[in-house]
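# A closer look at the structure
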Amino acid sequence: MSTARTVWGTGLSTIASDGTVLDAWYPELGLGAQEADDAAAAASTWGAFADDDERRGVTVELVQLTIDLDAPVASTADAYLRLHALSHLLVRPNELSLDGIFGHLPTVAWTNAGPMHPADAAALRPVLQRHGIQVQGLDKFPRLTDYVQPAGVRIADASRVRLGAHLSPGTTVMHEGFVNFNAGTLGASMVEGRISQGVVVGDGSDIGGGASIMGTLSGGGQHRVSIGARTLLGANAGIGISLGDDCIVEAGLYLTAGTKVVVADAPAGADGERQTVKAAELSGRSGLLYRRNSLTGAVEVSRRSGHGVTLNEMLHA
């Protein structure tokens, strides 16, 4: 019996004049296999929007696709269906294969009228200006909100959240917050800092302004950093280790795996020194407070009780 995990999608794909597939938008998608009658109805609905756009030098075509979530990415349309599945909360970050995704995502000129090939955007500049079309970015990944409007989520600056971000209802992403693809929140959270690729944040947690969570794309090695529930990462703080539930990292403190941490509430040894461990040894543990001793400058950890933070319920309703 097959154990393949599949997702299907029906939508529209944009193709440049040189044949480059620029994107794919899936207004209809789901897990498993789509019924034949439903697929035919979807094709009729969305196929009516297939057309040429001479202003951008592109053709919009119907796309219908079913993929194996555990197989490597096989095409641009495949890559976009995986990103849609993440942003529609059909799968969680790190629970599908994204092997080879960068090789199937071309760099695109993103405009307020849709995607373009960068070379065409340069060549057609007078036409674009005449029609009020502006290039807003050059990137492999588009903005989340150009393809998916996640339910129950607030995003103050759409340019700072990529398609493929997994944002659970109740999440607020403030103006300086950033959420990459294959990353996001598993419950209601406040995001004022950076959530890198592969990182997940638990329910009720707060990523403070300017805070940074190290991902594997930015030099974090193979460890997938995660943050548990009701945990606070203070303003301008950063972590390269995982945090469990009900933890607090002091504002401005950056913890990497190799950071030497003094166990503040452990008894001193015969020499009067307290136990010192690498932060990696504490990765994922719950109920911890990390802070810097203002007198000695040493990074310290101590046990704490109770909840780490409590979010404003009305703000995240």
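Just so you know, these numbers come straight off a predicted model, no measurement behind them.

Helix and strand counts for the protein chain come out as four helices and 26 strands. Overall, the protein chain is about 80 × 55 × 40 Å in size when its C-alpha atoms are taken along their principal axes. By residue count, 48% of the 317 residues in the protein chain fall in the buried class. When the accessible surface of the protein chain is summed, it comes to about 14,600 Å², and 50% of that surface belongs to carbon and sulfur atoms.

This part covers the UniProt feature "binding site: Mg(2+)" (unreviewed entry) in the protein chain. Listed under "binding site: Mg(2+)" (unreviewed entry) in the UniProt record, and renumbered for this structure, are E176. Structurally, E176 can be placed in the loop between β10 (172-173) and β11 (178-179). Residue E176 is classed as exposed on the basis of its relative accessible area, which comes to 56%.

What follows is about the pattern of salt bridges. Summed over all chains, the structure comprises nine salt bridges. The partner of R291 in a salt bridge is E300, and the shortest N-O contact between them spans 3.9 Å. Overall, the relative accessible area of 36% leaves R291 in the partly exposed class. A single salt-bridge network, built from bridges that share partners, covers D53, R55 and R56.

Attention now goes to a negative patch on the surface. Together, D51, D52, E54 and E61 line one region of the surface with negative charge. With respect to the helices, strands and loops of the structure, E54 is situated in the loop between β3 (51-53) and β4 (58-68). We classify E54 as exposed; its relative accessible area is 74%.

Time to look at the nonpolar core. Grouped together as the largest cluster of nonpolar side chains are 66 residues, with contacts concentrated most on I213, L233, I239, V249, L255 and Y290. Put simply, the parts of the chain that give this core at least two residues each are β1 (6-16), β2 (21-31), β4, α2 (76-87), β5 (108-111), β23 (260-263), β25 (288-292) and β26 (299-303). Considering every element that reaches this core, the biggest residue donor is α2, with seven residues. Excluding residues that lie within four positions of it along the chain, L233 makes contacts with D206, I207, G208, A211, S212, I213, I227, G238, I239 and V249. If you look at the next biggest cluster of nonpolar residues, it comprises five residues, including A109, M116, A121 and I133.

Considering the arrangement of structural elements, one finds G57 in the loop between β3 and β4. The residues contacting G57, other than those within four sequence positions of it, are I15, A16, S17, D120 and L124.

What follows is about unusual backbone geometry. Positive phi, normally seen in glycine, also occurs at L89, with a value near 65°. Mapping L89 onto the fold places it in the loop between α2 and β5. Residue classification places L89 among the partly exposed residues on the basis of a relative accessible area of 35%. A positive phi angle is found at N236, which is not glycine, with a value near 60°. Looking at the secondary structure, you find N236 in the loop between β19 (232-233) and β20 (238-239). Exposure remark for N236: the relative accessible area of 54% places this residue in the exposed category.

Let's shift gears to the sheet that holds strand β7 (residues 135-139). If you walk across this open sheet you meet the three strands as β6-β5-β7, and the pairing is antiparallel. Bordering the open sheet on either side are β6 (114-116) and β7, each of which pairs with just one other strand. On average, adjacent strands in this sheet sit at an angle of 30° to one another, irrespective of strand direction. Judged from the three bridges that link them, β5 and β6 form a sheet pairing that is antiparallel. By the bridge assignment, A109 is partnered in β6 with M116.

Let us look at α2. An ideal rise of 1.5 Å per residue puts 16 Å on twelve residues; α2 measures up with 17 Å between its terminal C-alpha atoms. What α2 keeps buried is the set T76, A77, D78, A79, Y80, L81, R82, L83, H84, A85, L86 and S87. Two residues or fewer past α2, L89 is found with a positive phi of approximately 65°.

On to the packing of aromatic side chains. Applying the stated criterion to the full structure yields seven aromatic pairs. Look at W46 and F49: their rings are 5.7 Å apart centre to centre, the planes differ by 35°, and that puts the pair in the tilted class. Plain terms: the ring middles of W110 and Y147 are 6.5 Å apart, the flat faces sit at 90° to each other, and that makes the pair edge-to-face. Of this pair, W110 sits in strand β5 while Y147 sits in the loop between β7 and β8 (154-155); the two residues are 37 residues apart in sequence, bridging distant segments of the chain. Across the pair, exposure class does not vary: W110 and Y147 are buried alike. Three or more aromatic residues joined by ring pairs make a cluster, and in this case those are W25, W46 and F49.

About the cut-offs
- Residues numbered from 1 in each chain as written.
- Predicted model: local features only at pLDDT ≥ 70, side-chain atom pairs only at ≥ 80, totals over all residues.
- Heavy atoms only, no water.
- Helix = DSSP H or I, 4+ residues; strand = E, 2+ residues; numbered from the N terminus.
- Buried < 20%, exposed > 50% of the residue type's maximum accessible area, 1.4 Å probe, protein only.
- Areas by Shrake-Rupley, 256 points an atom, 1.4 Å probe, with all protein chains shown as cover.
- UniProt positions renumbered as here; feature names shortened; annotations may be inferred.
- Salt bridge = Lys/Arg side-chain N within 4 Å of Asp/Glu carboxyl O.
- Patch = residues over 30% accessible without salt bridge, like charges linked within 9 Å, V, L, I, M, F, W, Y side chains within 5 Å.
- Lys, Arg positive; Asp, Glu negative; His and termini not counted.
- Charge placed at Lys NZ, Arg CZ, Asp CG, Glu CD.
- Core = buried A, V, L, I, M, F, W, Y, C linked by side-chain atoms within 4.5 Å.
- Contact = heavy atoms within 4.5 Å.
- Pairing = 2+ DSSP bridges.
- Axes fitted to C-alpha atoms, helices over the stretch in contact; angles between N-to-C directions.
- Expected span 1.5 Å × (residues − 1).
- Phe/Tyr/Trp six-rings, centres within 6.5 Å; stacked < 30°, edge-to-face > 60°.

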